[in-house]
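Report on the structure
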Amino acid sequence: MASNSPSRSYITTPLYYVNARPHLGHSYTTLLADVIARYRKQRGLQVTFLTGTDEHGEKIEQMAKSQNRDVREFVDEVSQDFRTTWEKMDLKFDIFYRTTDENHVKQVQHALQTLKDKGEIVFREYEGNYCVGCERFLTDNEVTATGLCPDHQKKPEPRKEANYFFLMSRYQQQLIDHYEKNSNAIRPEHYRQEVLSFLKQPLADLCISRPKTRLTWGIELPFDSHFVTYVWFDALLNYLVATGWSGPNWDKSLWETTNHLIAKDILKAHAIYWPTMLLALGAPLFSEIHASGYWLVDGTKMSKSLGNVIRPLEIEERFGRETPRFYLLREMSYGQDSTFTLEGYVNAINAYLANGIGNLASRVLTLCQKNFKGEFAPSSLIEIDHVVLAKRETTLTAWNHGFDELKYQNALKAWSELVTATDLYVNENKPWALAKDPAQAERLQTVLGVCLRLLQALAVIAYPVLPQASRALLAALGIEADPASSTSLALENRSLFHVSAEVPKLFLRVQLPVTEPAAP
Ligand code: MSP
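Right, let's walk through the structure included here. (Residues numbered from 1 in each chain as written. Predicted model: local features only at pLDDT ≥ 70, side-chain atom pairs only at ≥ 80, totals over all residues. Heavy atoms only, no water.)

1. A short note on the pattern of salt bridges
Applying the stated criterion to the full structure yields 27 salt bridges. The residue Arg214 makes a salt bridge to Glu58 at a minimum N-O spacing of 2.8 Å. Of this pair, Arg214 sits in the loop between strand 9 (209-211) and strand 10 (220-221) while Glu58 is found in helix 2 (residues 58-66), placing the two residues 156 residues apart along the sequence. The buried category is assigned to Glu58, whose relative accessible area is 5%. The salt bridge involving Glu142 is made with Lys268; its shortest N-O contact spans 3.0 Å. With a gap of 126 residues between them, Glu142 in the loop between strand 5 (136-138) and strand 6 (157-166) and Lys268 in helix 10 (residues 267-281) connect regions that are remote in the sequence. Here Glu142 and Lys268 have matching classes, each one buried. Each of Asp34, Arg38, Asp90, Lys92 and Arg325 takes part in one network of salt bridges that share partners. (Salt bridge = Lys/Arg side-chain N within 4 Å of Asp/Glu carboxyl O. Helix = DSSP H or I, 4+ residues; strand = E, 2+ residues; numbered from the N terminus. Buried < 20%, exposed > 50% of the residue type's maximum accessible area, 1.4 Å probe, protein only.)

Written out as structure tokens, the structure is:
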């Protein structure tokens, strides 16, 4: 990270709609936010991590009604489901935001009134094709050749009604200038180009109201009680309101470090609607948007409406703690779509975690126990020891580079290469053979000491992705220092290790269930 980076960081995930229970697609963004938050904290930044739920709008009202449920009770239940899922997955958010909170409602109404008073909102008739799944009007360019919404595979409904419009088009040029000047404002780069090319077309104004005759589950417009606010206008404001806007204690300096994590489905709302709202309100723009591609199952986006969902907690319970964190980051090339397969999952867990770090740690720690009762000091390093130890630094550099460039896959590859290099070092130096020759006692101490230093580095580097495994491994090495603290990254050369008597099982080999042959 550059030396002039801010000392604070505000990381947000989208607020998830409560019409669906959390699935692996939602988990990817939330666990990535957790990984980035831990990564930045480990580098001394003060991080605020926000996630939460988006609870108004037509599709939520429809979903609750289709189940004969009271809408408020329904949203409370699903919102809690999101919260509990993230807590069980050890995702350490600082703010869990709900758009049905009283303060949010008050601030959205304040924003609407401010914009109305400034002449940024007008009343107009509108006709278009509305996708309830997207909760927005789709243009002709956005539908498929057969006229379907590409994400929901449904035909948008034609609608004509009088509504309030936010004069978004006024900000088109300012937005183009901003994105042209700030190459990191939308990452990866191809999404910035996509937004800039979209902005070459004239920008339409944004319809920000829904008549109560059609929808009541929303925030009432402060200047017209016959309407509620369009759900996106309501929800996007969460990011700003959570920093204390528009009160006297608005934490503007935190707001200015904002890093929105999203997937490409909501790029337009975040890269176009949202900044124009901020410009109209006179608030600074967010710092960066990071957009991922989709997790696909059987070639289509995983989503509740398509019925092909994988549940994060089920996967974690079945294949082991922290395995979704590792697999999802290792498998997805950030910004591109990736396909989730159980075979791929099982192979990755076995290859890199169970047979990789898990097996390496248990091999080395068992040898330490056997030979020195858990305590020893490495000394008199020779050339091959220095060579392998130097790989710690190069791994950390590659890891940091991966994070800076949003190439998490590369970061994890570099880390796995250090596991392999350590394994190779063990194989070449044969500590089990050294142990048989009393004249080699000192060399044995050194070889195992080098391995322990390498394991320490592997644990510290992996901390943002595998926090619990990192802590368990450090504890087994007898190291009390917290991997979450920035001092742990100094990759010290310890001269004495007190290895614990118990060899931890970091990751177990997993298997796909075998279909039983039918009984004869
Ligand atoms: N409520 C809006 C966001 C409002 S933010 C102010 C919304 N909610 S959502 O529940 O549909 O969540 C969309 C987000 O969930 C995506 O942008 C992404 O972060 C995550 N994902 C949901 N399904 C996904 C995949 N299949 N793959 C990757 N991420 C996915 O849109």
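That covers the picture; the talk isn't over yet.
2. Section: the sheet that holds strand 16 (residues 338-339)
Backbone-to-backbone hydrogen bonds join strands into a sheet, with any given pair of strands oriented parallel or antiparallel. The mixed open sheet is built from 3 strands, whose spatial order is 15-14-16. Strand pairing shows two members of the sheet lacking a second neighbour, strand 15 (300-301) and strand 16, which therefore form its edges. Summarising the sheet, strand 14 (residues 295-297) and strand 15 pair through 2 bridges and their orientation is antiparallel. From the neighbouring strand, Leu296 faces strand 15, where its bridge partner is Lys301. (Pairing = 2+ DSSP bridges.)

3. A few points about the site of the ligand
Around the ligand sit 24 residues in total, of which Leu15, Thr29, Asp54, Asp265 and Trp295 are the nearest. Interatomic distance of 2.8 Å between a backbone N/O atom of Leu15 and a nitrogen atom of the ligand. Contacts to the ligand include Gly25, whose backbone N or O atom sits 3.4 Å from a nitrogen atom. Looking at the shell around the ligand, the elements with two or more residues in it are strand 1 (8-17), helix 1 (24-42), helix 7 (231-236), helix 8 (238-241) and strand 12 (258-263). Counting residues per element, the shell around the ligand draws most heavily on strand 1, which supplies 4 residues. Across the shell around the ligand, the residue classes tally to 14 nonpolar, 7 polar and 3 charged. (Near = heavy atom within 4 Å. Polar contact = N/O pair within 3.5 Å; in protein donor to acceptor, adjacent residues only side chain to side chain. Nonpolar A, V, L, I, M, F, W, Y, C, P; charged D, E, K, R; others polar.)

4. Let's talk about helix 11 (residues 312-319)
Along helix 11, the positions that sit buried rather than exposed are Pro312, Leu313, Ile315, Glu316 and Phe319. One side of helix 11 holds all its buried residues, which, seen down the axis, span an arc of 160 degrees. Of the surrounding secondary structure, the elements contacted by the buried residues of helix 11 are helix 1, helix 3 (71-88), helix 12 (323-331) and helix 13 (342-372). Gly320 lies just past helix 11 and shows a positive phi near 115 degrees. (Arc of directions from axis to C-beta. Contact = heavy atoms within 4.5 Å.)

That is the geometry; function is a separate question.
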